[in-house]
Amino acid sequence: QVQLVESGGGLVQPGGSLRLSCAASGTIFSSYLMGWYRQRPGNQRELVADISGTGSTNYADSVKGRFTISRDNVKNTVYLQMNSLKPEDTAVYYCNARSDYTGDYWYRNYWGQGTQVTVSS
């Protein structure tokens, strides 16, 4: 039902900023929990931030105060503003949309293809 396409990744110097975008080909309803995850080669994919349909946000401790997640339901897009970037932020960043948690699993769970973010001088 939903296809997600990330953009905005690239090479940035430490201390710099990037804004990632996630465009949904299908309709992102307010019931969807939208999130950004990241993964380094050989490492587990981890949550960076998420945002509910009501605007409630959640951040990993490692990015609090530096990253901001937002959503624009009119444009059907989710954003991740990344400031004060560090080399350890280097990863593939994935957009995620999920809804209808049954208590055991998410009935709807979609992933984007990922966008590379490299923080290096």
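Report on the accompanying structure. (Residues numbered from 1 in each chain as written. Predicted model: local features only at pLDDT ≥ 70, side-chain atom pairs only at ≥ 80, totals over all residues. Heavy atoms only, no water.)

1. A short note on the pairing of strand β7 (residues 67–72)
So, point 1. On β7, burial follows the alternation: Phe67, Ile69 and Arg71 on one face are buried, whereas Thr68, Ser70 and Asp72 on the facing-out side are not.
So, point 2. Pairing of β7 with strand β8 (residues 77–82) involves six bridges; the strand directions are antiparallel. Note on β8: the bridge partner recorded for Arg71 is Val78.
So, point 3. If you look at the hairpin formed by β7 and β8, you'll find four residues sitting between the two strands, and Asn76 has a positive phi there, around 60 degrees. (Buried < 20%, exposed > 50% of the residue type's maximum accessible area, 1.4 Å probe, protein only. Helix = DSSP H or I, 4+ residues; strand = E, 2+ residues; numbered from the N terminus. Pairing = 2+ DSSP bridges.)

2. A few points about the pairing of strand β11 (residues 115–119)
So, point 1. Every second residue of β11 is oriented toward a common face, the buried set being Thr115, Val117 and Val119 and the non-buried set Gln116 and Thr118.
So, point 2. For strand β2 (residues 10–12) and β11, the ladder comprises three bridges, and the chain directions are parallel. Among the inter-strand pairings, Leu11 is bridged to a residue of β11, identified as Thr118.
So, point 3. In this sheet, β11 lies alongside strand β9 (residues 91–101) in antiparallel orientation, the contact comprising three bridges. Counterpart to Tyr93 in the pairing with β11 is Thr115.

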